[in-house]
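Now for the letters of each chain:
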Amino acid sequence: MIESTIRSVELKPLHSEATNYKANRLTEKSKIDNFVDNDRKTVVVQGLGYVGTAMLAALSQAKNKNNECTYNVIGIDLGDEDNYWKITQTNQGKSPIVSSDKNINEAFERGLINGNLFATCSNYAYEKADVVVIDVNLDITKKKLGDAYNYEFSYTNFNRAIETIAKNVLEETLIVVESTVPPGTTEQVIFPIFQKYFAMRGLNINKLYLAHCFERVMPGNEYLNSITNLCRVYSAINAESKKKAKNFLQTFINTENYPLYELHSTTASEMAKVLENSFRATNIAFIQEWTEFAEQADVDLFEIINAIRVRPTHKNIAQPGFGVGGYCLPKDSLLADWSYNNLFGAKRHLRMSLNAIRTNDLMPKHVFEIVKSYFNNLENLNITILGISYLSDVADTRYSPADYFYDLCKKEGANLILHDSMVEYWQEKRIAINSDINSLKDFSHDVVIFAVTHTQYLELTSEEIISLLPNVKLIIDANNLINDEKANDLIARGIKVVGVGKGHWNKKDKR
Ligand SMILES: NC(=O)c1ccc[n+]([C@@H]2O[C@H](COP(=O)([O-])OP(=O)(O)OC[C@H]3O[C@@H](n4cnc5c(N)ncnc54)[C@H](O)[C@@H]3O)[C@@H](O)[C@H]2O)c1
């Protein structure tokens, strides 16, 4: 079985470095002092996850008019067992996030060579900051998958992160919140934390500059580009903060081609983020019932969608797929709903957005039901999932649709064979994943799900598919990876091929 071993946590040795670090605070302090001992301004990025990693890359390669590095860039993450390795890797010139975008990896290598990229868990770095960018997570969790109306939310960890900044930064620092937050958070939650600690420290709160500028980063092949070459929306708590935020954003975003969009308030900027993600989630949910209709009616929904997309007003109608994942789309509407009720006193829900989340969460059940329609009993059936991450050529497995599908199949006694060209370890399930595609030949496959549009799967010919998947009986194309020509070829060789939204393939069965 490919899905098998529970990999022991590999991060412990690095954590001992974190313990050493604690004994060596003074050394870390002098390292930071040395690092910033030059004429450049210093930007501290809090949180070395998907967003923070791309920001480190973008900021560390920003250049001034003389083609010199604009910033000293310091990444800060937690010094605990789960996170310290991100600091170690950054200081070795390696991106903490596995990425198919070579520009990200190159930016980290260059940051090491240029000596303008450094990572630490020392809060002392905030004292040295001209700008602090906040890229920490703010979680909201559903009590039960598919029930978007019952969620648990707390600011506790997020506020702890804000407090570390408020306790350490000096006057005249610009704070840019990039994290996705419930609308109203910057004004009602973050600013009061700064007021409290600035008062305690005898600092002038009018000399704090606070902005919100949300991220649209996409961690695929265009990971770095999605920071530097994408329009940004921002706002800030007052005119001076807006001006400083704009000046800062212009130093690393190609604003000539991708202009900045200033909104009136930080609440508006925060709402823009959760609204745009709710719009996308709703668009995807909308197409799900049409997917099922098209399959029932034996028609090709992709053909229909392409015909509709010629209308400029309908260009971005969503396509059928396996499900919705990633850190943002499954949760951002919930943050909006929480804000509506808890920061703005509404006593009603954002029903259309929450219902969309419910539909999207349950999408993988559709593919499960297709499997069940062919195999009544899943006990010991070998079901292969090709693609564990949630997006093409991305290693991110957070809220991946494969997760729910895996649980549904496991519950019925199926054997799961897991492959992903990008993922070696499925963090959420604590399962090692084989990323060598040739290893698939060692198994007997009953059902194979093409789940994610990784380039490696898209490039497979029908001959390769057959040779990689011995004994395969049913192939389900859950994400438009197999074109009609390939499908016809596979069907001609006696394999049943079904596609999500591809009702026209059913016709062949019925003839
Ligand atoms: N992932 C995306 O593609 C994406 C896109 C747009 C916006 N966002 C938003 O950006 C934010 C960050 O997302 P992410 O995907 O990078 O999350 P992530 O979980 O990958 O990274 C967050 C990082 O912050 C660190 N952190 C938490 N508390 C900290 C503290 N007190 N001090 C220092 N570090 C701390 C965590 O250890 C982690 O490394 C979220 O609000 C998310 O919704 C994400």
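Please read these numbers as outputs of a predicted model, since none were measured by experiment. (Residues numbered from 1 in each chain as written. Predicted model: local features only at pLDDT ≥ 70, side-chain atom pairs only at ≥ 80, totals over all residues. Heavy atoms only, no water.)

Q: Help me understand the overall build of the protein, please; the structure alone is not making it clear to me.
A: Scanning the protein from terminus to terminus reveals 20 helices and 17 strands. Against the compact-globule benchmark of 24 Å for 511 residues, the protein has a radius of gyration of 24 Å, which places it among compact chains. Principal axes of the C-alpha set define a box for the protein whose edges measure 80 × 50 × 45 Å. Put simply, the protein has 511 residues, and 53% of those count as buried. Sequence-distant contacts, at least 24 apart, represent 74% of the contacts inside the protein between residues at least 6 apart. When the accessible surface of the protein is split by element, carbon and sulfur atoms take 49% of a total near 22,900 Å². Computed over 56 positive and 63 negative side-chain charges, the separation of the two mean positions in the protein equals 4 Å. (Helix = DSSP H or I, 4+ residues; strand = E, 2+ residues; numbered from the N terminus. Rg over C-alpha atoms; globule rule 2.2 N^0.38 Å. Buried < 20%, exposed > 50% of the residue type's maximum accessible area, 1.4 Å probe, protein only. Contact = heavy atoms within 4.5 Å. Areas by Shrake-Rupley, 256 points an atom, 1.4 Å probe, with all protein chains shown as cover. Lys, Arg positive; Asp, Glu negative; His and termini not counted. Charge placed at Lys NZ, Arg CZ, Asp CG, Glu CD.)

Q: Where do I start with the sheet that holds strand E12 (residues 415-419) in this structure?
A: Sheet strands associate in pairs through backbone hydrogen bonding, adopting either a parallel or an antiparallel arrangement. Spatial ordering of the open sheet is given by E12-E11-E15-E16-E17, a layout of five strands whose pairing is parallel. In this open sheet, the two strands that pair with only one neighbour each are E12 and strand E17 (496-499). When the angles between neighbouring strand axes are averaged without regard to direction, this sheet yields 20°. Here four bridges tie strand E11 (residues 382-386) to strand E15 (residues 447-450), and the two strands are oriented parallel to one another. (Pairing = 2+ DSSP bridges. Axes fitted to C-alpha atoms, helices over the stretch in contact; angles between N-to-C directions.)

Q: Help me understand the side chain of Ser 333, please; the structure alone is not making it clear to me.
A: Relative to the elements of secondary structure, Ser 333 occurs in helix H13 (residues 332-342). In terms of polar contacts, Ser 333 uses its side chain to reach the side chain of Ser 278, at 2.8 Å. Residue contacts for Ser 333: discarding those within four places in its chain leaves Ser 278, Leu 350, Ser 353, Leu 354 and Ile 357. (Polar contact = N/O pair within 3.5 Å; in protein donor to acceptor, adjacent residues only side chain to side chain.)

Q: Explanation requested: helix H11 (residues 266-296) in the structure shown.
A: Structural remark: α-helix, 3.6 residues per turn; residues separated by three or four positions point the same way. The end-to-end C-alpha separation of H11 is 46 Å, in line with the 45 Å expected for 31 residues at 1.5 Å each. One or two positions beyond H11, positive phi appears at Asp 298, with a value near 60°. (Expected span 1.5 Å × (residues − 1).)

Q: I keep staring at the site of the ligand and nothing clicks. Help me out?
A: Around the ligand, 25 residues are found, and the nearest of them are Val 51, Asp 77, Lys 86, Thr 180 and Arg 398. Contact between the ligand and Arg 398: an oxygen atom at 3.0 Å from a side-chain N or O atom of the residue. Contact with the protein chains covers 90% of the free accessible surface of the ligand, which is 830 Å². Tallied by class, residues from the shell around the ligand come to 11 nonpolar, seven polar and seven charged. (Near = heavy atom within 4 Å. Nonpolar A, V, L, I, M, F, W, Y, C, P; charged D, E, K, R; others polar.)

Q: Help me understand the confidence of the model for the protein in this model?
A: When pLDDT is low, close inspection of the predicted coordinates is not appropriate. Here the protein averages 94 in pLDDT, and 94% of its residues register 70 or above. Contacts from residues 1-14, a stretch scored under 50 in pLDDT, to residues over four places away or in other chains number 34 contacts. (pLDDT = per-residue confidence, 0-100.)

Q: Looking at this structure, I do not really get the side chain of Asn 277. What am I missing?
A: When you line up the elements, Asn 277 lands in helix H11. Those residues within four positions of Asn 277 in sequence are excluded, and the remaining contacts are Cys 328, Leu 329 and Asp 332.

Q: Where do I start with the pairing of strand E3 (residues 117-120) in this structure?
A: Side-chain positions along a regular strand alternate between the two faces of the sheet. Here E3 shows two buried faces, one formed by Leu 117 and Ala 119 and the other by Phe 118 and Thr 120. Bridging between strand E2 (residues 71-76) and E3 involves four bridges; their strand directions are parallel. Bridge assignment links Ile 76 to a residue of E3, and that residue is Thr 120.

Q: Looking at this structure, I do not really get the sheet that holds strand E9 (residues 232-236). What am I missing?
A: Overall, mixed pairing links the eight strands, which are arranged E3-E2-E1-E4-E7-E8-E9-E10 in an open sheet. Looking at the sheet topology across the chains shown, the edges are occupied by E3 and strand E10 (260-262). Strand-to-strand twist across the sheet, computed as the mean angle between neighbouring axes with direction ignored, equals 25°. The pairing of strand E4 (residues 131-134) with strand E7 (residues 174-177) spans four bridges and is classified as parallel. Residue Val 131 lies in a different strand from E7, and its bridge partner there is Leu 174. Of the strands in this sheet, strand E1 (41-46), E2, E3, E4 and E9 touch helix H3 (residues 50-60), which is tilted by about 165° from E2.

Q: Would you mind going over the packing of aromatic side chains with me for this structure?
A: Centre-to-centre distance and the angle between the planes together describe a pair of aromatic rings. One pass over the structure, following the stated rule, counts 13 aromatic pairs. Measuring from ring centre to ring centre gives 4.5 Å for Phe 153 and Trp 338, while their planes differ by 50°; the resulting arrangement is tilted. Taken together, the positions of Phe 153 in strand E6 (residues 151-153) and Trp 338 in helix H13 put the pair 185 residues apart, joining distant regions of the chain. Trp 338 shares its class with Phe 153; the two are buried. Taken together, the aromatic side chains of Phe 153, Tyr 155, Phe 158 and Trp 338 make up a single cluster linked through ring pairs. One Lys or Arg, Lys 29, reaches over the ring of Tyr 124 and ends 4.9 Å from the middle of that ring. Above the ring of Trp 426, the side-chain terminus of Lys 429 is found at 5.9 Å from the ring centroid. (Phe/Tyr/Trp six-rings, centres within 6.5 Å; stacked < 30°, edge-to-face > 60°. Lys NZ or Arg CZ within 6 Å of the ring centre and 35° of its normal.)

Q: For this particular structure, what's the right way to read the pattern of salt bridges?
A: Summed over all chains, the structure comprises 17 salt bridges. For Lys 128, the salt bridge goes to Asp 33, with nearest N and O atoms at 3.5 Å. Linking Lys 128 in the loop between helix H6 (124-127) and E4 with Asp 33 in helix H2 (residues 25-35), this pair joins segments that are 95 residues apart in sequence. Overall, the relative accessible area of 29% leaves Lys 128 in the partly exposed class. A single salt-bridge network, built from bridges that share partners, covers Glu 178, Glu 215 and Arg 232. (Salt bridge = Lys/Arg side-chain N within 4 Å of Asp/Glu carboxyl O.)

Q: Please explain helix H12 (residues 301-308) as it appears in this structure.
A: The set of residues buried in H12 consists of Leu 301, Phe 302 and Ile 305. Buried residues of H12 fall within an arc of 100° about the axis and therefore sit on the same side. Exposed residues pointing more than 90 degrees away from the buried face of H12 are listed as Glu 303 and Ala 307. Taken together, the buried residues of H12 touch H11. Two or three places before Phe 302, at the opening of H12, Asp 300 has a side-chain oxygen 3.0 Å from that residue's backbone nitrogen. (Arc of directions from axis to C-beta.)

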